[in-house]
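Letter by letter, the chains look like this.
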Amino acid sequence: MTGPTRLDRNELEKHPLPMLEGGDKDSHGQILIVAGSRDVPGAALLAAHGAMRAGAGKLQIACPDAIAIPLGVAMPEAMVVGHSTTRDGGIAKSAIAKLGDLAGRADAIVAGPGLEANNAAAPLGRKLLELGKPMALDAALLHVLADCVEDVRTARIPPILLPHSGEMASLLGCKPAEIDADPLSAGRTCANRYGAYVLVKGVQSHIVAPDGRCWKYGGGGPGLGVSGSGDVLAGIVGGLLARGTEPLSALLWAVWLHGEAGRALSDRIGQLGFLAREIPPEVPPLLGR
């Protein structure tokens, strides 16, 4: 089995982003971000900034009713739709049909950042997967996909999965230490089992396609290991998908953009101490190179 290809700007030239024609926001794609909870409202905001800085045209955020108004004020570019929640502040099952309708009108979906892993997570995942839309799944939704393997495998467009080692352990039914010991092998197993595009996050990131092709990115520095960094990455993936980028290219570009944004911040601010909210503004200059 061949080793991973190095992910750098030269490799990305083999995976070009689609050209955007015209300045109309509809031509840049509409993204729906299903994210946030009562305890982690900022995850939706970070993902939203990542998506818009990656070039998405229209933004919708679905979040708990309790945080919808403050989130709309914090992100005036977004249409924010509140949904009913359970006592834990997570999505109520009664909200799934409404979320499915919103997702059906979007060009791309990001779901999972900041969500509670309650008993609505798996039904929500199934509802979104059956729509056959380009999507990135993260955080709480990854913890329930082991119960939805066939739903993932039969999705019309293979989803992008963005696990860290703990979430990958849930996907594969093993311990996080096993993932850390051999992240590439874990990524290959996951991509094969779920028929999905898989990112294994770490000091060095590994990307694996369902057909077994794989890439390795050297990392953007230790500063990216900070709360909210993964939410920004999920948003960048979604923003690229909304623009019409096919899933593998969107994932490769997003990993590189996120990492190089971290590298730029490390050079300017320091290796440690920058915030996840500072990552998105670094993305447009990288896209413009």
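Keep in mind it's a predicted model, so treat the numbers as computed, not measured.

A. Expanded view of the state of the cysteines. Counting across every chain of the model gives zero disulfides. Distance from the sulfur of Cys148, which forms no disulfide, to the nearest cysteine sulfur (Cys190) is 13 Å.

B. Structural context of the layout of surface pockets. Put simply, the largest pocket is a space of about 550 Å³. Lining the largest pocket are 25 residues, with Lys201, Gly202, Leu224, Ser229 and His258 positioned closest to its centre. Per-element accounting of the lining of the largest pocket gives the leading share, four residues, to helix α10 (residues 229-242). In terms of residue class, the lining of the largest pocket is built from nine nonpolar, twelve polar and four charged.

C. How the structure looks around the pattern of salt bridges. Following the criterion strictly, the structure yields nine salt bridges and no others. In this structure, the salt-bridge partner of Arg6 is Asp8, at a minimum N-O distance of 3.8 Å. Under the relative-accessibility criterion, Arg6 is labelled exposed at 65%. We note a salt bridge from Arg268 to Glu282, for which the minimum N-O separation is 2.5 Å. Here Arg268, found in helix α11 (residues 247-268), pairs with Glu282, found in the loop between α11 and α12 (283-287); they are 14 residues apart in sequence, far enough to count as distant. Given the relative accessible area of 53%, Arg268 is considered exposed.

D. Examining the nonpolar core more closely. Counting 57 residues, the largest nonpolar core has Leu7, Ile33, Ile61, Val237, Leu240 and Leu251 as its most contacted members. Tallying contributions element by element places α11 first for this core, with eleven residues. Apart from the residues lying within four places of it in its own chain, the contact partners of Leu251 are Ile160, Leu162, Tyr197, Val198, Leu199, Ile207 and Val237. Of all hydrophobic cores here, the second largest spans 46 residues; its members include Leu99, Leu137, Leu161 and Leu184.

Calculation notes
Residues numbered from 1 in each chain as written. Predicted model: local features only at pLDDT ≥ 70, side-chain atom pairs only at ≥ 80, totals over all residues. Heavy atoms only, no water. Disulfide = S-S within 2.5 Å. 1 Å grid on protein atoms, 1.4 Å probe; cavity = no way out; pocket = protein on both sides within 12 Å on 5 of 7 lines; lining within 4 Å. Points joined across faces, edges and corners; volume = space filled by probe spheres on them. Helix = DSSP H or I, 4+ residues; strand = E, 2+ residues; numbered from the N terminus. Nonpolar A, V, L, I, M, F, W, Y, C, P; charged D, E, K, R; others polar. Salt bridge = Lys/Arg side-chain N within 4 Å of Asp/Glu carboxyl O. Buried < 20%, exposed > 50% of the residue type's maximum accessible area, 1.4 Å probe, protein only. Core = buried A, V, L, I, M, F, W, Y, C linked by side-chain atoms within 4.5 Å. Contact = heavy atoms within 4.5 Å.

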